[in-house]
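# Examination of the molecular architecture
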Amino acid sequence: MFRNILLTATVLLSLGAAVTAHATGDDDQILPHDNRPVPFPQGVVVRFPWNNIQGTWRVEQGDYVSYFSFKKVKVKGAHRQLQVRQMDPRTCEDIATGVGTENSSGTRVLAQMTAKKSGTSYRLVLTSITDKKDVPAAHQESVMVLSLGLNNDAGKPDDMFHMEIMKISPQYDQRSCIEEMKK
């Protein structure tokens, strides 16, 4: 029995290492290359900005650049959802897709993403942050934070990459990415 447990643990650990190596490789550009999470955010989490989320967004941290497109999806009787696409910054082709769902407090969107080439799955979290504690919510300026992490991180925020994400277009297609590449 102990031998079976040891064998199973060894196989799972080796698979986890292979998934981590593949998910952070240059071919998919899924996650940043350095394994140092950024201690971000340093502000107050506010209601998710559903009126402004749809479109194409760019994230950049060090040498890591990626594009994400978000499209609101209407679902009857459920929390609001987003269709999410991650695009390669060199070709603007989809490298991962998924669906995000609003959390119960309405402050975050949690998405399960799947890489097109490898089938690797990972987590994506969108959060709106402000540093204005005493300003009414309707007048707050906020920053969107994109957090990425592998599913084997068991949901620990310290094991995720946290990056500011900037909206570049209200369009949910590859045109915005292609226009950015030309600049």
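These figures come from a predicted structure and were not determined experimentally. (Residues numbered from 1 in each chain as written. Predicted model: local features only at pLDDT ≥ 70, side-chain atom pairs only at ≥ 80, totals over all residues. Heavy atoms only, no water.)

Moving on to the overall build of the chain. Across its full length, the chain carries two helices and nine strands. Starting at the N terminus, the α and β elements of the chain follow one another as α-β-β-β-β-β-β-β-β-β-α. The burial tally for the chain puts 40% of its 183 residues in the buried class. Expressed as a percentage of contacts within the chain between residues at least 6 apart in sequence, the contacts between residues at least 24 apart total 52%. Accessible surface, the chain: about 10,600 Å² in total, of which carbon and sulfur atoms supply 54%. (Helix = DSSP H or I, 4+ residues; strand = E, 2+ residues; numbered from the N terminus. Buried < 20%, exposed > 50% of the residue type's maximum accessible area, 1.4 Å probe, protein only. Contact = heavy atoms within 4.5 Å. Areas by Shrake-Rupley, 256 points an atom, 1.4 Å probe, with all protein chains shown as cover.)

What tends to happen in soluble globular proteins is that the nonpolar side chains get buried as a cluster. Counting residues in hydrophobic clusters, the biggest one holds 24 residues, and the most contacted among them are Ile 53, Phe 68, Phe 70, Leu 82, Leu 124, Leu 126 and Leu 146. At the level of elements, strand 2 (55–61), strand 3 (64–73), strand 4 (81–87), strand 6 (108–115), strand 7 (121–130), strand 8 (143–150) and strand 9 (161–169) are the ones that each hand at least two residues to this core. Per-element tally for this core: the top contributor is strand 8, with four residues. When near neighbours in sequence (up to four residues on either side) are disregarded, Leu 146 contacts Val 59, Phe 68, Leu 124, Val 125, Leu 126, Phe 161, His 162, Met 163 and Ile 165. Val 65, Tyr 67, Cys 92 and Cys 177 belong to the second-largest nonpolar core, a separate cluster that totals five residues. (Core = buried A, V, L, I, M, F, W, Y, C linked by side-chain atoms within 4.5 Å.)

A separate point is the state of the cysteines. What the rule picks out here adds up to one disulfide. Cys 92 shares a disulfide with Cys 177; S-S distance 2.1 Å. One disulfide, between Cys 92 and Cys 177, carries an S-S torsion of -85° and so falls in the left-handed class. Taken as a pair, Cys 92 in the loop between strand 4 and strand 5 (94–102) and Cys 177 in helix 2 (residues 175–182) lie far apart in primary sequence, 85 residues in all. Pair check on accessibility: Cys 92 and Cys 177 agree, each one buried. (Disulfide = S-S within 2.5 Å.)

Taken residue by residue, the chain gives an average pLDDT of 74. The fraction at 70 or more is 66%. Taken together, the stretch residues 1–28 has pLDDT below 50 and engages in 25 contacts with residues farther than four places along the chain or on a different chain. (pLDDT = per-residue confidence, 0-100.)

Restricting attention to buried positions, one finds in helix 2 the residues Ser 176, Cys 177 and Glu 180. Angular distribution of buried residues about the axis of helix 2 spans 100°; they occupy a single face of the element. Relative to its buried face, helix 2 has exposed residues pointing more than 90 degrees away, namely Glu 179 and Lys 182. Where helix 2 is buried, its residues contact strand 2, strand 3, strand 4 and strand 9. (Arc of directions from axis to C-beta.)

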